[in-house]
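# Fold and geometry: a report
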Amino acid sequence: MIVVKIVTQVKLMPEAEHAAALSATLRTVNDLACWVSEVAFAHGVPREYKLRKHTYPHLKAEGLGAQAAQHVIKKVSDAYTTLHANLKAGNYGKPCSKRRIKVKSKPIMFRADAAQPYDDRCLSWQYDTQTVSIWTTAGRIKGVRFVCSTDALKVLQQYRKGESDLIERDGVFYLIATCEVPEAETYEPDGFIGVDLGIVNIATTSIGYQAAGRALNRYRKRQLALRAKLQKKRTKSARRPLKERSRREQWHVKNTNHIIAKTIVTEAERTSAGISLEELNGIRQRVRLRKPQRVTLHSWAFAQLGDFIVYKAKRAGVPLVFVDPAYTSQTCAECGHVDKRNRVDQGLFICRECGVVAHADRNASHNIAQRGESVWNAGRESRVPATP
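Parameters at a glance
Residues numbered from 1 in each chain as written. Predicted model: local features only at pLDDT ≥ 70, side-chain atom pairs only at ≥ 80, totals over all residues. Heavy atoms only, no water. Salt bridge = Lys/Arg side-chain N within 4 Å of Asp/Glu carboxyl O. Helix = DSSP H or I, 4+ residues; strand = E, 2+ residues; numbered from the N terminus. Buried < 20%, exposed > 50% of the residue type's maximum accessible area, 1.4 Å probe, protein only. Pairing = 2+ DSSP bridges. Axes fitted to C-alpha atoms, helices over the stretch in contact; angles between N-to-C directions. Contact = heavy atoms within 4.5 Å. Patch = residues over 30% accessible without salt bridge, like charges linked within 9 Å, V, L, I, M, F, W, Y side chains within 5 Å. Areas by Shrake-Rupley, 256 points an atom, 1.4 Å probe, with all protein chains shown as cover. Parallel < 35°, antiparallel > 145°, perpendicular 65-115°, else oblique. Left-handed = near helix turned anticlockwise from the far one by under 90°. Nonpolar A, V, L, I, M, F, W, Y, C, P; charged D, E, K, R; others polar. Core = buried A, V, L, I, M, F, W, Y, C linked by side-chain atoms within 4.5 Å. Lys, Arg positive; Asp, Glu negative; His and termini not counted. Charge placed at Lys NZ, Arg CZ, Asp CG, Glu CD.

Before going further, it helps to examine the pattern of salt bridges. Enumeration over the complete set of coordinates arrives at 11 salt bridges. Measuring nitrogen to oxygen at the nearest pair gives 3.0 Å for the salt bridge that ties Glu-48 to Arg-52. Of the two residues, Glu-48 and Arg-52 are both situated in helix α2 (residues 48-61); the distance of four residues between them amounts to about one turn of the helix. For Glu-48, a relative accessible area of 23% translates into the label partly exposed. We note a salt bridge from Arg-227 to Glu-249, for which the minimum N-O separation is 2.9 Å. Note that Arg-227 is positioned in helix α6 (residues 214-233) and Glu-249 in helix α8 (residues 248-270), a separation of 22 residues in sequence. We classify Glu-249 as buried; its relative accessible area is 14%.

Taken in spatial order, the five strands make up an open sheet running β10-β9-β8-β11-β12, and their pairing is mixed. The open sheet terminates on both sides in strands that have one partner only, identified here as β10 (210-212) and β12 (320-323). Between one strand axis and the next, the sheet turns through 20° on average, direction left out of account. Note: strand β8 (residues 192-197) against strand β9 (residues 201-205), three bridges, orientation antiparallel.

Structurally, the position occupied by Ser-37 is in helix α1 (residues 16-42). Here Ser-37 is in contact with Val-76, Tyr-80, Pro-107, Ile-108 and Phe-110, once residues within four sequence places are set aside.

This next bit is on the side chain of Thr-204. Looking at the element boundaries, Thr-204 is found in strand β9. Judged by its relative accessible area of 0%, Thr-204 is buried. Setting aside chain neighbours within four positions, we find Thr-204 in contact with Gly-194, Val-195, Asp-196, Tyr-209, Gln-210, Asp-361, Arg-362 and Ser-365.

With that out of the way, let us pick up a nonpolar patch on the surface. On the surface, Val-344, Ile-350 and Val-357 cluster together to form a nonpolar patch covering roughly 230 Å² of accessible area. Summarising the element assignment, Val-344 is placed in the loop between β12 and β13 (348-350).

Our focus in this paragraph is the packing of α8 against helix α11 (residues 302-316). The geometry of α8 relative to α11 is characterised by a closest axis approach of 9 Å and an angle of 40° between their N-to-C directions. Taken together, the axis directions place α8 and α11 in an arrangement best described as oblique. Crossing angle aside, the handedness with which α8 passes α11 is right-handed. Of the residues in α11, those in contact with Val-253, Lys-254, Asn-257, His-258, Ile-260, Ala-261, Lys-262, Ile-264, Val-265 and Glu-269 of α8 are Gln-304, Leu-305, Phe-308, Ile-309, Tyr-311, Lys-312, Ala-313 and Ala-316. Residue classes in the contact of α8 with α11 are distributed as 11 nonpolar, three polar and four charged.

Another aspect to go through is the nonpolar core. Counting residues in hydrophobic clusters, the biggest one holds 47 residues, and the most contacted among them are Leu-12, Leu-59, Leu-64, Trp-125, Val-132, Leu-166 and Leu-175. The contact partners of Leu-12, leaving out residues within four places of it in the chain, are Leu-22, Val-132, Val-144, Arg-145, Phe-146, Leu-166, Phe-173, Tyr-174 and Leu-175. Membership of the second largest hydrophobic core comes to 24 residues, among which are Ile-193, Leu-197, Ala-203 and Ala-268.

One way to put it is that α1 packs onto α2 with a least axis distance of 10 Å and a crossing angle of 150°. Considering how the two elements wind past one another, α1 and α2 form a crossing that is right-handed. Residue-level inspection shows Leu-32, Trp-35, Val-36, Val-39 and Ala-40 of α1 in contact with α2, the latter providing Leu-51, His-54, Thr-55, His-58 and Leu-59.

By the secondary structure assignment, Ala-364 is in helix α12 (residues 360-379). Placed 183 residues apart in sequence, Ala-364 and Val-181 show a C-alpha to C-alpha distance of 33 Å.

Moving on, we come to a positive patch on the surface. There is a patch of like positive charges on the surface, built from Arg-214, Arg-218, Lys-221 and Arg-222. Within the secondary structure, Arg-214 sits in helix α6.

Attention now goes to the sheet that holds strand β6 (residues 160-169). Spatially, seven strands are ordered β2-β6-β7-β1-β5-β4-β3 in an open sheet, and the strand pairing comes out antiparallel. Of all the strands in the sheet, just β2 (116-118) and β3 (123-126) have a single pairing partner and so form its edges. Each strand axis lies, on average, 35° off the axis of its neighbour in the sheet, ignoring direction. Where strand β4 (residues 131-134) meets strand β5 (residues 141-147), three bridges bridge the pair, whose relative direction is antiparallel.

The following block contains the structure:
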């Protein structure tokens, strides 16, 4: 059975003494994780089994339980694995760049409130009473209430599997649980819906849906101006609202992307169509922009929107393909003529060959839909009877 891995977040409502124990636990395990990271760095980052030999006795002596000590070591090992993967992919620059040298020259450090993984031996869920029993450095605490939506509780009850992460944000504790939801059986699509992603228009589909980015871009500009104004003051009274607003923009963008993704997937499911998306990996490295335009590009959460569409499509059984985005904005969806001059401006497309006039993003979405159908047909199993 193929599953889709999603995360479900619940908010913990601990008593005062339990909150103090949870906070102290996070700070202790992350301090020890920093120490394990220094040991790993000094020994050339050995594999997890060898790293355990160097660090496990000390972690036990510091009061960690057996499972908690194992998780601390594994967290450090996974962090270095991710670092090496990013270095190999060139995400920290070229081999001789200052940023890459700086990253490689020191051990990984963990924030005091960084997430700590828990397995079923350290954490147990009581769904009927909506409480958890969780390990801390002060002992195991029971009956810690959690709150979440009704849908989230159903997903937890049916599909929770594996580890859960304990995190603290601004003094509030959350558990982020991994859920393995069965992927729905994919149906045979009756055509494809092309989705053109952009900044001015967040998403434009070939069936007429358009999610304008004007309101979101204005919101981001207001937040940017407000942050700059508060940062310039450099006072305690200015830092307080800065901290309160630190994740507000991120939450707003995430909620907007969830709404757009759900709308697209629901429409595809209703019409028995597939979804065709652009493959936009590496766009930030390829595109060269002037300084005023960089903030807009780097705050564009197209990857998050794409991920939301992918996992929602898998849960609904909607066929989905990725296509090459090259020249989709310069190609006429009617006659196939490619010309840079076809794209008159951001919103207008006029074909130099056949004269068709269309919205630029809508034209691009039709090209993406056509490419998606071609990709699907090329990879589909042949239904032609075998030659006798």
